Amino acid sequence: MSLTVKQREALNHIKQGEVQNHRFGYGAWRITGPATPNVVGRVISMGLARWEAAPNTSDAKIATLTPSGRLAVESS
C-alpha cells in the first residue's frame, strides 16, 4: 500500500497516542492533535486506524492503529 507523507505522519501521531476526537457540544465532535483531521479521517477510512473509547469519559475517543496500520508504520 502506498501512503503519502502526511498519512505516514498521521499514523505515527496515532501510534504515539496524540490524536483524539473530543465532543465540544451536542453532536459536535472535533479531531484534535498534531495530525490534520482530513488525513486522520482518510487513514481511518482506509482501515489503518480506528476510534476507541477514552478511559473515564464518554466525551472523547482515542485513535489507535489497526493491525494493518501497525504493519504500515513498521514497513516505512
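Residues numbered from 1 in each chain as written. Predicted model: local features only at pLDDT ≥ 70, side-chain atom pairs only at ≥ 80, totals over all residues. Heavy atoms only, no water.

A. Region of the structure containing the overall build of the protein. Scanning the protein for helices and strands turns up 3 helices and 4 strands. Taken from N to C terminus, the helices and strands of the protein fall in the order α-β-β-α-β-β-α. Over its C-alpha trace the protein gives a radius of gyration of 12 Å, about what one expects of a compact globule, namely 11 Å for 76 residues. With the principal axes as the frame, the protein shows a C-alpha extent of 40 × 20 × 20 Å. Burial statistics for the protein: of 76 residues in total, 30% are counted as buried. (Helix = DSSP H or I, 4+ residues; strand = E, 2+ residues; numbered from the N terminus. Rg over C-alpha atoms; globule rule 2.2 N^0.38 Å. Buried < 20%, exposed > 50% of the residue type's maximum accessible area, 1.4 Å probe, protein only.)

B. Just the pairing of strand S1 (residues 20–23), in detail. Bridge count between S1 and strand S2 (residues 29–32): 4 bridges; the pairing is antiparallel. When the bridges of S2 are listed, Arg 23 appears paired with Trp 29. Between S1 and the antiparallel strand that follows it, S2, lie 5 residues; Gly 25 among them carries a positive phi value of about 160°. Relative to strand S4 (residues 60–65), S1 is paired through 3 bridges, and the arrangement is antiparallel. Across the sheet, residue Asn 21 finds its bridge partner in S4, namely Lys 61. (Pairing = 2+ DSSP bridges.)

C. The arrangement of the nonpolar core in detail. Leu 11, Ile 14, Val 19 and Val 43 are the most contacted members of the largest nonpolar core, which has 15 residues in total. Among residues more than four places away in sequence, those in contact with Ile 14 are Val 19, Val 43, Ala 49, Ala 63, Thr 64 and Leu 65. (Core = buried A, V, L, I, M, F, W, Y, C linked by side-chain atoms within 4.5 Å. Contact = heavy atoms within 4.5 Å.)

D. How the structure looks around the packing of helix H1 (residues 5–15) against helix H2 (residues 37–45). At their nearest, the axes of H1 and H2 sit 9 Å apart, and the two run at 85° to each other. In terms of axis orientation, H1 runs roughly perpendicular to H2. Residues Lys 6, Gln 7, Ala 10, Leu 11 and Ile 14 of H1 form the contact with H2, whose participating residues are Val 39, Arg 42 and Val 43. Taken together, the residues of the contact of H1 with H2 sort by class into 5 nonpolar, 1 polar and 2 charged. (Axes fitted to C-alpha atoms, helices over the stretch in contact; angles between N-to-C directions. Parallel < 35°, antiparallel > 145°, perpendicular 65-115°, else oblique. Nonpolar A, V, L, I, M, F, W, Y, C, P; charged D, E, K, R; others polar.)

E. Region of interest: the sheet that holds S4. Within the open sheet, the 4 strands sit side by side as S2-S1-S4-S3. Their pairing is antiparallel. The sheet is open, and its two borders are formed by S2 and strand S3 (49–53), each paired with just one other strand. Each strand of the sheet is rotated relative to its neighbour by a mean of 30°, with strand direction disregarded. Relative to S4, S3 runs antiparallel, the two sharing 5 bridges. Each bridged residue has a counterpart across the sheet, and for Arg 50 the counterpart in S4 is Thr 64. With respect to the sheet, H1 is in contact with S3 and S4, its orientation differing from that of S4 by roughly 115°. Against the sheet, H2 engages S2 and S3, with an angle of about 100° to S3.

Any link to function would need more than the numbers given here.
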